[in-house]
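If you want the building blocks of each chain, they are given just below.
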Amino acid sequence: MTSVVNSASPQRLKFLQGYPADTLAQVAQLIAGQGLGEWLQNKYPDAHGVRTDKALFEYLQVLKASYLRGAEPLTKVMFDSKLQVVQHALGTHTAISRVQGNKLKAKREIRIAALFKDAPPEFLRMISVHELAHLKERAHDKAFYQLCTHMEPRYHQLEFEVRVYLTHLEASGPRLWGVVGTGAG
């Protein structure tokens, strides 16, 4: 089965580096047979209904209230169409510090790649959990991933499947979950 992995260029599997060879072979086989998109759509048939930045803010607030009550408040949450292209990231968490009088105030922002605007609810939850975990844990270390799996027990499986979707898109596959509705974000 190693030949199947070799037939898919390493660049086409760049989002899956570090996964076992047999897993990569299965993904490469699906790419070669053009069945990767179908597999994803069968597993996740529907897109979520979070269409606007306001709805995304509310969605993250509910998650935050459920798992991170003591964390600093969020001031801004939005879908960002430039994220993946410019920063090679699917989401970002930033703290913007400003001096007000003799105090330093920090505002927390989360930006999620617009790619997730048209994705299954599970994918949106995975990236949301990831970015919310950065409110407590800055580094991608053991504590960070424990917090992610506390908020979403299937976190690692969902992260893998998001990576598979990115691989599908990289292999010139179409977006799978078209626009559910329109709304300015």
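Residues numbered from 1 in each chain as written. Predicted model: local features only at pLDDT ≥ 70, side-chain atom pairs only at ≥ 80, totals over all residues. Heavy atoms only, no water.

## Looking at the packing of helix 2 (residues 21-32) against helix 8 (residues 155-170)
Each packed pair of helices is defined by two parameters, the angle between the axes and the distance between the axes. Note the cut-off: As a rule, the C-alpha atoms of each element are fitted with a line to give its axis, helices using only the stretch in contact, and angles between N-to-C directions run from 0 to 180 degrees. Secondary structure is summarised from DSSP: a helix means a run of H or I of at least four residues, a strand means a run of E of at least two, and numbering begins at the N terminus for each. Handedness of each helix crossing follows the sense of rotation of the near helix against the far helix: counterclockwise by less than a right angle gives left-handed, clockwise gives right-handed. The contact criterion used is simple: two residues touch if any of their non-hydrogen atoms lie within 4.5 Å. The residue classification treats Ala, Val, Leu, Ile, Met, Phe, Trp, Tyr, Cys and Pro as nonpolar and Asp, Glu, Lys and Arg as charged. All others, Gly included, are polar.
With their axes 11 Å apart at the nearest point, helix 2 and helix 8 run at an angle of 40° to one another. Note that helix 2 runs across helix 8; the crossing there is right-handed. Seen from helix 2, the contacting residues are Thr-23, Val-27 and Ile-31; seen from helix 8, they are Phe-160, Val-164 and Thr-167. Residue composition of the contact of helix 2 with helix 8, by class: 4 nonpolar, 2 polar and no charged.

## Topic: the nonpolar core
In plain terms, the rule: Among buried residues, those of type Ala, Val, Leu, Ile, Met, Phe, Trp, Tyr and Cys that are joined through side-chain atoms within 4.5 Å constitute a nonpolar core. Buried, partly exposed and exposed residues are distinguished by accessible area as a fraction of the type maximum, computed with a 1.4 Å probe on protein chains only: under 20%, between the cut-offs, and over 50%, respectively.
In terms of nonpolar packing, the biggest core is built from 48 residues, with Val-27, Leu-56, Leu-60, Ile-112, Phe-116, Phe-123 and Leu-132 touching the most fellow members. Elements supplying a minimum of two residues to this core: helix 2, helix 3 (36-43), helix 4 (53-67), strand 1 (74-80), strand 3 (103-113), helix 6 (121-133), helix 7 (142-151) and helix 8. With residues up to four places along the chain from it excluded, the contact list for Leu-56 reads Val-50, Val-77, Met-78, Phe-79, Ile-112 and Leu-124.

## Observations regarding the environment of Glu-152
Assignment of secondary structure puts Glu-152 in the loop between helix 7 and helix 8. On the basis of relative accessible area, Glu-152 is assigned to the buried category, the value being 10%. Along the backbone, Glu-152 and Met-126 are 26 residues apart, and their C-alpha atoms lie at a distance of 7.1 Å. When near neighbours in sequence (up to four residues on either side) are disregarded, Glu-152 contacts Arg-125, Val-129 and Leu-158.

## Brief notes about the side chain of Asp-80
Worth spelling out the cut-off: Identification of polar contacts relies on pairs of N or O atoms within 3.5 Å, with a donor-acceptor requirement for protein atoms, meaning one able to donate a hydrogen and the other able to accept it, and with residues adjacent in sequence counted only if both atoms are side-chain atoms.
Here Asp-80 lies in strand 1. Accessibility expressed as a relative area gives 14% for Asp-80, which makes it buried. A distance of 3.4 Å separates a polar atom in the side chain of Asp-80 from a polar atom in the side chain of Arg-111. For Asp-80, the residues in contact, after removing those within four places along its chain, are Arg-111, Ile-112, Ala-113 and Ala-114.

## Structural notes on the pairing of strand 1
Just so we agree on the cut-off: Pairing between two strands requires that DSSP report at least two bridges joining them.
Buried residues dominate strand 1, accounting for 5 of its 7 residues. The sheet contact formed by strand 1 and strand 3 spans 6 bridges and is parallel. Residue pairing in the sheet places Leu-74 in a bridge with Arg-108 of strand 3.

## Things to note about helix 4
Applicable threshold: Multiplying 1.5 Å by the helix residue count minus one yields the expected span of that helix. Here, the arc refers to the directions that run from the helix axis to the C-beta atoms.
Spanning 15 residues, helix 4 covers 21 Å between terminal C-alpha atoms, matching the ideal 21 Å at 1.5 Å per step. Along helix 4, the positions that sit buried rather than exposed are Asp-53, Leu-56, Leu-60, Leu-63 and Lys-64. All buried residues of helix 4 lie within an arc of 100° about the axis, which places them on one face of the element. Across helix 4 from its buried face, at more than 90 degrees, point the exposed residues Lys-54 and Val-62. As for helix 4, its buried residues are in contact with strand 1, strand 3 and helix 6.

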